[in-house]
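So the chains spell out like this:
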Amino acid sequence: MSKPDANTPRPLGTSTEASELSQQQATYLPPSDNALKYAKGIQRHVPAKPHASLTETKSNPHLIKSVESFYVRPRWLFVRIETEGGVVGWGEGTLEGHTEAVQGSLRDIGRRLKGWDAMNIEDIYTYLYRHRFYRGGEVLMSAMSGVDIALWDIKGKVLGVPVWELLGGKVREACPVYGWVGGDRPSDVLEQAKARKAQGFTRVKMNATESIAWLDSPHALDETVKRLAEVKSIGMDVGLDFHGRVHKAMAKQLAQLLEPHRPLFIEEPLLPGHPNELKDLYNKTTIPIALGERLFTREDCRPYFELGCIDIIQPDIAHAGGITETRKIAIMAEAYDIGVAPHCPLGPLAFAASLHIGFSTPNFVVCEMSWKMHYNVGADLFTYMKNPEVFKVVDGNIMLMTGVGLGVELDEELIRKEAAEAAKIDPWINPLFRGDDGSVREW
Ligand SMILES: [Mg+2]
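Residues numbered from 1 in each chain as written. Predicted model: local features only at pLDDT ≥ 70, side-chain atom pairs only at ≥ 80, totals over all residues.

Engineer: Sorry if this is basic, but what is going on with the pairing of strand S1 (residues 64-72) here?
Structural biologist: Bridge count between S1 and strand S2 (residues 76-83): eight bridges; the pairing is antiparallel. Of the residues in S2, the one forming a bridge with Ser66 is Glu82. (Pairing = 2+ DSSP bridges. Helix = DSSP H or I, 4+ residues; strand = E, 2+ residues; numbered from the N terminus.)

Engineer: Sorry if this is basic, but what is going on with the packing of helix H7 (residues 186-199) against helix H8 (residues 222-232) here?
Structural biologist: Between H7 and H8, the shortest axis-to-axis distance is 9 Å and the interhelical angle comes to 25 degrees. Classified by the angle between their axes, H7 and H8 sit roughly parallel to one another. In this structure, H7 meets H8 at a crossing whose hand is right-handed. Contact residues: Pro186, Val189, Leu190 and Ala193 in H7; Lys226, Arg227, Glu230 and Val231 in H8. By residue class, the composition of the contact of H7 with H8 is five nonpolar, no polar and three charged. (Axes fitted to C-alpha atoms, helices over the stretch in contact; angles between N-to-C directions. Parallel < 35°, antiparallel > 145°, perpendicular 65-115°, else oblique. Left-handed = near helix turned anticlockwise from the far one by under 90°. Contact = placed C-beta atoms within 7 Å. Nonpolar A, V, L, I, M, F, W, Y, C, P; charged D, E, K, R; others polar.)

Engineer: Would you mind showing me how to read unusual backbone geometry here?
Structural biologist: The linkage connecting Arg73 with the following residue, Pro74, adopts the cis geometry, with an omega of 0 degrees. Topologically, Pro74 is positioned in the loop between S1 and S2. Notably, His243 is not glycine yet its phi reads approximately 65 degrees, a positive angle. Mapped onto the fold, His243 is located in the loop between strand S6 (237-241) and helix H9 (248-258).

Engineer: What's the story with the sheet that holds S1 in this structure? I'm lost.
Structural biologist: The pairing of strands in a sheet happens through backbone hydrogen bonds and is either parallel or antiparallel. With antiparallel pairing, the three strands of this open sheet are ordered in space as S1-S2-S3. The two strands at the open ends of the sheet, each matched to only one other strand, are S1 and strand S3 (88-92). For this sheet, the mean angle separating the axes of adjacent strands, direction not counted, is 20 degrees.

Engineer: Would you mind showing me how to read helix H4 (residues 121-131) here?
Structural biologist: Structural remark: α-helix, 3.6 residues per turn; residues separated by three or four positions point the same way. Residues Ile124, Tyr125 and Leu128 constitute the buried set of H4. When H4 is viewed along its axis, its buried side chains cluster within an angular range of 100 degrees and face the same direction. Of the exposed residues in H4, the ones pointing more than 90 degrees away from its buried face are Glu122, Arg130 and His131. Of the surrounding elements, those touching the buried residues of H4 are helix H3 (99-113), helix H5 (138-159) and helix H12 (322-334). Backbone geometry just downstream of H4 places Phe133 in the positive-phi region, at approximately 70 degrees. (Buried ≥ 20, exposed ≤ 12 C-beta atoms within 10 Å, placed from the backbone. Arc of directions from axis to C-beta.)

Right under this line is the structure:
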């Protein structure tokens, strides 16, 4: 077989017709010729060339045959990639509240990647990130995440090893995890914290406040301190998620009130986009500051690292470019003595991918786990899994996963059935919070 001409877009197939079609698609019609323009399309899809080292061959079983996505309850978006050789990899590109946008991006990626070698993960990542001109942001990066995680799953399955083995091998035998406490009243949180303890958790996270005004009554913060004390009373460590809903005037008061109670960390104490203000807050408290679920690339994280305004970076592997980019963010963070705590209130594929980062990353500290989380309505973390035992929580840890790829076995029949049903309803969106004056508040 001969190498494709460097200047020729790669044919869709091996037939002459496909090659001719490819050539037609590469033609840009003059804008003045409207009839032709609309008859044949203004700007048609032109297949991009795979890695230059790829010899054109039908015998390569790793060529990508299909990219599919499945929206399933409670609010997850799974990605399935199959190779010509029949190896199937699964990923997750859940972007809560923006499912259709990511699905649209995935349709585009699926078209582009057909015929590419699934084993060349870095080349595919670089192509998707750099070559498309528009880059970054939650939608494009979440779609890339789903694809990237599925490719690592495929590579692990092809080579017969867990993903952590591909990332340099294990650095720990277990990953610390935390569960969620979703209630708002002190009695609620104690009950839920006890339930998490019974599940095996030793750490939990909960929202610090309900919706709160830019400048609210100082008494709006009293309940937070009570709830933290309630949960700590049964021996749990507690992270508090400010959720970016507490503005600076209230956040600095709240951090001071919480200081004597020693939460595990405070998360998004201010909205991303305020690194200087975060630095001011950082200098006022000894509580570890975590942030990062709304940062999607190394470039997004960079100002927070350089300014020294966080202790923990929290990339969400389903939004931050998957395993490839999350790994790079983690390595970059280590140079600033910053720990990595993957954000993951999501499904089993995002969780497994986060754990593989954890098993192989020295500065990993803890991972979020959505088992029995309040968002999981209609389905929970284990619903689509055939081997939920790999996620058994033992003394607050998930033990080393030894299965090939991500190590998650899914019930594909159920996923297809569920996705067909879910397609009939509108995807999940977050509730709207308004203040007493009717103004929109942060969610
Ligand atoms: Mg959060």
